[in-house]
Amino acid sequence: MDSEIQLISDGDGLAVIGSPTAVERFLVSEGLPSKDLGLQRLAPALSAAAGAVQAGFEIAANSGRWVKLTRESAQLVDKYGLRTSSKTGFSSGVLKGNNGQIRGFVEFARGPGPLLTNPAFLAGAAGIMAQLAMQQAMDEITNYLATIDEKVDDVLRAQKDAVLADMIGVDFVIEEAMTVREHVGRVSEVTWSKVQATSMIIARTQAYALRQLDALAEKVEHKAKIGDLAKTSKEAESKVQEWLAVLARCTQLQDAIAVLELDRVLDASPEELDRHRLALKAARQNRLERISRSTEHLMARMNAAAGTANTKVLLHPTASRTVVHSSNHVATAVVDFQGRLGIERGRQSLEARRWVDAAAEVRDKVLETGTAGVDAARRVGNETFDRARSVTDKLSSGIAERALRRRGDDEERDEKG
């Protein structure tokens, strides 16, 4: 029926499938931005599957759009009562338009639509949805790299490390493969052969960047003197943003490889696509968890440094302010980075955001206490100077008085003599 649409959610995105008119009406009624799902790419993969002819007709007759799941769009799963399958893990359902109106879609209760009952189609659609989610994540990282003070390319060019130089070459190879994919519509064996060995280089670069962040954290941790701590914190402030940019670029390139890999599996072994999609998702989550642990460790060390600085602000107001400022700067950079990579969904990022607020509070306290400390020091200095001057005056007065007495005694002896 032209008024029917089918919804599929994998937790990261929502696929809206149906006639072009019905899909457009639904998206307009919900006010959702979307991207083309590219269902036509599934036709070759379904050619050998059971019911392929029927599925092919349905794909040709339908349009598919993809919506990124945000807090607002995720509410559609509850709003329309989509059901989660224990076998596939997808939330899905069929909606029916109400008298052709833009608004008024209602749940269509006759059961799943024909496409939703085709395992090959579901696996293929899930693979494409995963690709669109990763491309969306890549766009987020591109926006992140455009907003930081130094572009990652500038950072990489400034480095002399062979590990980072290798990643620049990988960047060119993957960018070329993505361009070919965009023009051809698939990833051939020739294209895949150019990029399949690049994962090791990216992994090595990511590990190197994480070690650099860990080294900065340890350096901050082992500084006891407030002057050394201020110097080390300032160094961390300048270096952390650079290594976060490298990590962001690594994640972006890994997502690009995953997009190419899913295309290759869809062509070569479509029956393995769903398992491969889940494996790539798990691998990506593991990478993000490693990055999260390293950045959280760094923030904890900077937090401890700010606490140490706050206890010594009276004696070292300038150095203490430097430490707290650097710690707050690092925390803000890390939380922004985590948010762009999607790490903020976890518990640790919530704590990280609380830490930023706490760091700001500590900073304000240090500034306030530091000012009071300077004033107190000035008062103590003035009082000490006044006391010293008073003592000096008294001492000078006493010396002068004794000198006058001695002079008078000498004159008296002379007169008697």
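Residues numbered from 1 in each chain as written. Predicted model: local features only at pLDDT ≥ 70, side-chain atom pairs only at ≥ 80, totals over all residues. Heavy atoms only, no water.

This next bit is on the pairing of strand 4 (residues 63-68). Sheet analysis places strand 2 (residues 13-18) next to strand 4, joined by six bridges and oriented antiparallel. Note that in strand 4 the partner of G13 across the bridge is K68. (Pairing = 2+ DSSP bridges. Helix = DSSP H or I, 4+ residues; strand = E, 2+ residues; numbered from the N terminus.)

Low-pLDDT stretches of the model should not have their predicted coordinates read in fine detail. With 69% of its residues at a pLDDT of 70 or more, the protein shows a mean pLDDT of 76. Of all the helices and strands in the protein, strand 7 (residues 106-107) carries the lowest mean pLDDT, 46, while helix 9 (residues 198-221) carries the highest, 93. Between residues 345-353, whose pLDDT stays under 50, and residues either more than four places distant or in other chains, the model counts 13 contacts. With pLDDT under 50 throughout, residues 373-385 is counted as low confidence; its partners more than four residues away or in other chains account for two contacts. (pLDDT = per-residue confidence, 0-100. Contact = heavy atoms within 4.5 Å.)

This part takes up the pairing of strand 1 (residues 4-9). Consecutive side chains of a regular strand alternate in pointing toward one face of the sheet and then the other. Most of strand 1 is tucked away: six of the six residues are buried. Burial along strand 1 is two-sided: E4, Q6 and I8 and I5, L7 and S9, pointing in opposite directions, are all buried. In terms of strand pairing, strand 1 meets strand 6 (residues 91-96) through six bridges, oriented antiparallel. Considered in strand 6, the bridge of L7 is made with G93. (Buried < 20%, exposed > 50% of the residue type's maximum accessible area, 1.4 Å probe, protein only.)

Right, let's get into the nonpolar core. Counting residues in each nonpolar core, the largest one holds 83 residues, and the members touching the most others are L37 and V240. Residues within four places of V240 in sequence aside, it is in contact with L213, L216, L298, V330 and V334. Within the second largest apolar cluster, 16 residues are counted, among which are I5, L27, L69 and Y80. (Core = buried A, V, L, I, M, F, W, Y, C linked by side-chain atoms within 4.5 Å.)

Viewed as axis vectors pointing N to C, helix 11 (residues 273-311) and helix 12 (residues 317-341) meet at an angle of 165°, and their least axial separation amounts to 9 Å. Between helix 11 and helix 12, the angle is such that the two are roughly antiparallel. When the axes of helix 11 and helix 12 are compared, the crossing they make is left-handed. Of helix 12, the residues touching helix 11 (which contributes R284, L288, I291, S292, T295, E296, L298, M299, M302, A305, A306 and A309) are S320, V323, V324, S326, S327, V330, A331, V334, V335, F337, Q338 and L341. (Axes fitted to C-alpha atoms, helices over the stretch in contact; angles between N-to-C directions. Parallel < 35°, antiparallel > 145°, perpendicular 65-115°, else oblique. Left-handed = near helix turned anticlockwise from the far one by under 90°.)

This part covers helix 9. The first and last C-alpha atoms of helix 9 sit 35 Å apart over 24 residues, in line with the 34 Å expected at 1.5 Å per residue. Buried within helix 9 are the following residues: T198, I202, T205, Q206, Y208, A209, L210, L213, L216, A217 and V220. (Expected span 1.5 Å × (residues − 1).)

Moving on to the packing of aromatic side chains. For the structure shown, the criterion picks out two aromatic pairs. Ring centres 5.8 Å apart and planes at 70° place the aromatic pair Y208 and W243 in the edge-to-face group. Placement of Y208 in helix 9 and of W243 in helix 10 (residues 226-268) is noted, with a sequence separation of 35 residues between them. Of the residues examined, Y208 reaches a relative accessible area of 16% and is grouped as buried. (Phe/Tyr/Trp six-rings, centres within 6.5 Å; stacked < 30°, edge-to-face > 60°.)

Within the secondary structure, R264 is located in helix 10. Buried charge R264 goes without a salt bridge, the closest partner of opposite sign being E189 at 4.1 Å. Residues within four places of R264 in sequence aside, it is in contact with R186, V187, S188, E189, W192 and S269. (Lys, Arg positive; Asp, Glu negative; His and termini not counted. Salt bridge = Lys/Arg side-chain N within 4 Å of Asp/Glu carboxyl O.)

Our next topic: the pattern of salt bridges. Counting across every chain of the model gives 13 salt bridges. For D139, the salt bridge goes to K35, with nearest N and O atoms at 3.6 Å. Taken together, the residues D139 in helix 5 (residues 119-147) and K35 in strand 3 (residues 35-36) connect sequence positions 104 residues apart. We classify K35 as partly exposed; its relative accessible area is 30%. When the shortest N-O distance is used, the salt bridge between R249 and D171 registers 2.5 Å. One end of the pair, R249, is in helix 10; the other, D171, is in helix 7 (residues 162-184), and 78 residues separate them in sequence. By relative accessible area, which is 11% here, D171 ends up buried.

Right, let's get into the environment of L213. Tracing the backbone shows L213 in helix 9. Among the residues examined, L213 registers a relative accessible area of 0% and is labelled buried. Along the backbone, L213 and I291 are 78 residues apart, and their C-alpha atoms lie at a distance of 9.9 Å. Not counting the four nearest positions on each side in its chain, L213 is found in contact with V240, W243, L244, L247, S294, T295 and L298.

A word on helix 10. Across its 43 residues, helix 10 extends 61 Å between first and last C-alpha, which sits within 8% of the 63 Å expected from 1.5 Å per residue. A maximum bend of about 30° is found in helix 10 at K239. Within helix 10, 34 of the 43 residues are buried, leaving the element largely enclosed by the surrounding structure. (Bend = angle between axes of the 7 residues up to and from the residue.)

Right, let's talk about the environment of K234 for a bit. Positionally, K234 belongs in helix 10. Of the residues examined, K234 reaches a relative accessible area of 43% and is grouped as partly exposed. Between the alpha carbons of K234 and T322 there is a distance of 7.2 Å; along the sequence they are 88 residues apart.

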